[in-house]
Amino acid sequence: MTTKSNSDDKNSFYAKAGNACHAITIVSTLGFALLAGTYMRDPAFTFFDGQWKQEGFCITNRDVAYWNSHDLCLYVDTAMALLAAGLFLTWRKDPGMESANVIFQSGIPGVLFHGVAHGALGKAIRDGTVNLEDGHKLPIETAMEKMSESDNPLLTAA
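Because the structure is predicted, anything quoted here is derived from the model rather than measured.

**Topic: the side chain of histidine 118**
Phase 1: Looking at the secondary structure, you find histidine 118 in helix H5 (residues 98–127).
Phase 2: Note on histidine 118: relative accessible area 13%, which makes it buried.
Phase 3: In this view, histidine 118 contacts Phe57, His70 and Cys73; residues no more than four positions away in its chain are not counted.

This is the structure in structure tokens:
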């Protein structure tokens, strides 16, 4: 009978594929954060277009109900969460998946809820609840303004 060593887990296909996906995600996230941070420091920074600067998203097909990029994000994220759940259920007991199961399993709801949040924003835009063209502020913007105006000791301690 052979025993599996810990180094076998680290050299498995799943470990290598997971590491590659994580590296791509980290580089993409850091790149976007750098660009967004540069824009926050210097609003004249021209990498982002006017629509992104106004809304924080690049929205395609803005006026097409159920086909704008917020709705498409809901559809794609739902499909990807279902695919990921299927892959998780199929591979979870395979050798080499033990260390990835926790991350994989907890990431599935994150993908789904990300899509649901975009779908809710798309619905709010469709219903007129959020009208960014007329200078309507997103709830997060209002909350941040209230926090900065208040005498919140957590914000003034630094």
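Continuing now.
**Quick word on the packing of helix H4 (residues 69–91) against H5**
Phase 1: Axis separation between H4 and H5 bottoms out at 7 Å; the angle between their running directions is 160°. The angle between the axes of H4 and H5 places the two elements in the roughly antiparallel class. Like other packed secondary-structure pairs, H4 and H5 cross with a definite hand, here left-handed.
Phase 2: Here the contact of H4 with H5 is built from residues that sort into 15 nonpolar, nine polar and three charged.

**Overview of the nonpolar core**
Phase 1: Judged by nonpolar contacts, Ile59, Leu121, Ala124, Ile125 and Val130 together constitute the single largest core of five residues.
Phase 2: Among residues more than four places away in sequence, those in contact with isoleucine 59 are Gln51, Asn68, Ser69, His70 and Ile125.

**Considering the packing of aromatic side chains**
Phase 1: Evaluation of the coordinates by the stated rule reveals one aromatic pair.
Phase 2: Sitting over the face of the ring of tyrosine 66, arginine 126 holds its NZ or CZ atom 4.1 Å from the ring centroid.

**Notes on the pattern of salt bridges**
Phase 1: Tallied over the entire structure, the rule returns two salt bridges.
Phase 2: For aspartate 71, the salt bridge identified is with arginine 126, shortest N-O distance 2.6 Å. Of this pair, aspartate 71 sits in helix H4 while arginine 126 sits in helix H5, placing them 55 residues apart in sequence.
Phase 3: What makes aspartate 71 buried here is its relative accessible area of 2%.
Phase 4: Exposure remark for arginine 126: the relative accessible area of 28% places this residue in the partly exposed category.

The rules behind each value
- Residues numbered from 1 in each chain as written.
- Predicted model: local features only at pLDDT ≥ 70, side-chain atom pairs only at ≥ 80, totals over all residues.
- Heavy atoms only, no water.
- Helix = DSSP H or I, 4+ residues; strand = E, 2+ residues; numbered from the N terminus.
- Buried < 20%, exposed > 50% of the residue type's maximum accessible area, 1.4 Å probe, protein only.
- Contact = heavy atoms within 4.5 Å.
- Axes fitted to C-alpha atoms, helices over the stretch in contact; angles between N-to-C directions.
- Parallel < 35°, antiparallel > 145°, perpendicular 65-115°, else oblique.
- Left-handed = near helix turned anticlockwise from the far one by under 90°.
- Nonpolar A, V, L, I, M, F, W, Y, C, P; charged D, E, K, R; others polar.
- Core = buried A, V, L, I, M, F, W, Y, C linked by side-chain atoms within 4.5 Å.
- Phe/Tyr/Trp six-rings, centres within 6.5 Å; stacked < 30°, edge-to-face > 60°.
- Lys NZ or Arg CZ within 6 Å of the ring centre and 35° of its normal.
- Salt bridge = Lys/Arg side-chain N within 4 Å of Asp/Glu carboxyl O.

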